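Chain by chain, the residues:
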Amino acid sequence: MPTLTVLDGGTAITLTYEAMLDYAGPGSPGGVAHAFKVLERALPLLEPAGPPERRELQIMTAFAGPGARDGFELVTRAVTEGRYVVDQGLVRPELGRARERFVFRVRYRKRELTMSARDGYVPDELIELTRKPARSEPEEARLTQLKLEMARLVIAAPAADVYAVDP
């Protein structure tokens, strides 16, 4: 099972997807999985020498989902410390309706990278249902199923397969 390791004042903290899910609760497993993969992809690129200091990471994204927000918070404490920003300026319509908001910019010290979800990791049907203002019971059940399916797909894949890093 993959893990994420960050430092808190020089002390290593290792976290799993399951720990992130426990923190966030059961409502948004797909968002939590995406946060995990974003960090799994970004951390070694931003700090090749080893785990980064968690309180020096900044996250900016066009995706406002609560699962991703909570996942980033557990690992980085960025939400409570004002280093987590939802920025609609990062939306990329050219990626299509499903992926346009799954764009993340992560900063650490003097390094920064921007990543976007690759095709196949954000189902169109899921996005359509989440944006529907009033859902029926069957639609709610389907949305719950789609969230779980997306989470399983994302967490099982290598981070580089899920997220492309901008050149």
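Rules of the game
Residues numbered from 1 in each chain as written. Predicted model: local features only at pLDDT ≥ 70, side-chain atom pairs only at ≥ 80, totals over all residues. Heavy atoms only, no water. Core = buried A, V, L, I, M, F, W, Y, C linked by side-chain atoms within 4.5 Å. Buried < 20%, exposed > 50% of the residue type's maximum accessible area, 1.4 Å probe, protein only. Helix = DSSP H or I, 4+ residues; strand = E, 2+ residues; numbered from the N terminus. Contact = heavy atoms within 4.5 Å. Polar contact = N/O pair within 3.5 Å; in protein donor to acceptor, adjacent residues only side chain to side chain. Pairing = 2+ DSSP bridges. Axes fitted to C-alpha atoms, helices over the stretch in contact; angles between N-to-C directions.

Some details on the nonpolar core
Among the nonpolar cores identified, the biggest contains 45 residues, and Met-20, Phe-72, Phe-102, Val-106 and Tyr-163 are the most heavily contacted of them. The element that contributes the greatest number of residues to this core is helix H2 (residues 29-46), accounting for nine residues. Excluding residues within four positions of it along the chain, Phe-102 makes contact with His-34, Phe-63, Met-115, Ser-116, Ala-117, Val-122, Ile-127 and Tyr-163. Membership of the second largest hydrophobic core comes to five residues, among which are Met-60, Ala-62, Leu-90 and Leu-95.

Observations regarding helix H3 (residues 66-76)
Counting buried positions along H3 gives nine out of eleven residues, so the element sits mostly inside the fold. Listing the buried residues of H3 in full gives Gly-67, Ala-68, Asp-70, Gly-71, Phe-72, Glu-73, Leu-74, Val-75 and Thr-76. Once H3 finishes, Arg-77 follows within two positions and takes phi at roughly 60°, a positive value.

With respect to the environment of Arg-142
Examined against the element boundaries, Arg-142 turns out to sit in helix H5 (residues 137-156). Judged by relative accessible area, which is 27%, Arg-142 ranks as partly exposed. Expressed as a C-alpha distance, the spacing of Arg-142 and Asp-8, which sit 134 residues apart in the sequence, is 39 Å. Looking at Arg-142, its side chain comes within polar contact range of the side chain of Glu-125, at 2.8 Å.

Overview of the sheet that holds strand E7 (residues 163-165)
Ordered by their spatial adjacency, five strands build an open sheet running E4-E3-E5-E6-E7, and the pairing between neighbours is mixed. Taken across any chain shown, the strands that pair with only one partner, and hence form the sheet edges, are strand E4 (84-86) and E7. Pairs of neighbouring strands in the sheet enclose a mean axial angle of 20°, with direction left out of account. Where strand E3 (residues 57-61) lies against strand E5 (residues 103-108), five bridges are found, and the strand directions are antiparallel. What sits directly across from Met-60, in E5, is Arg-105. Here H2 sits on the sheet in contact with E3, E5, strand E6 (111-117) and E7, set at roughly 145° to E6.

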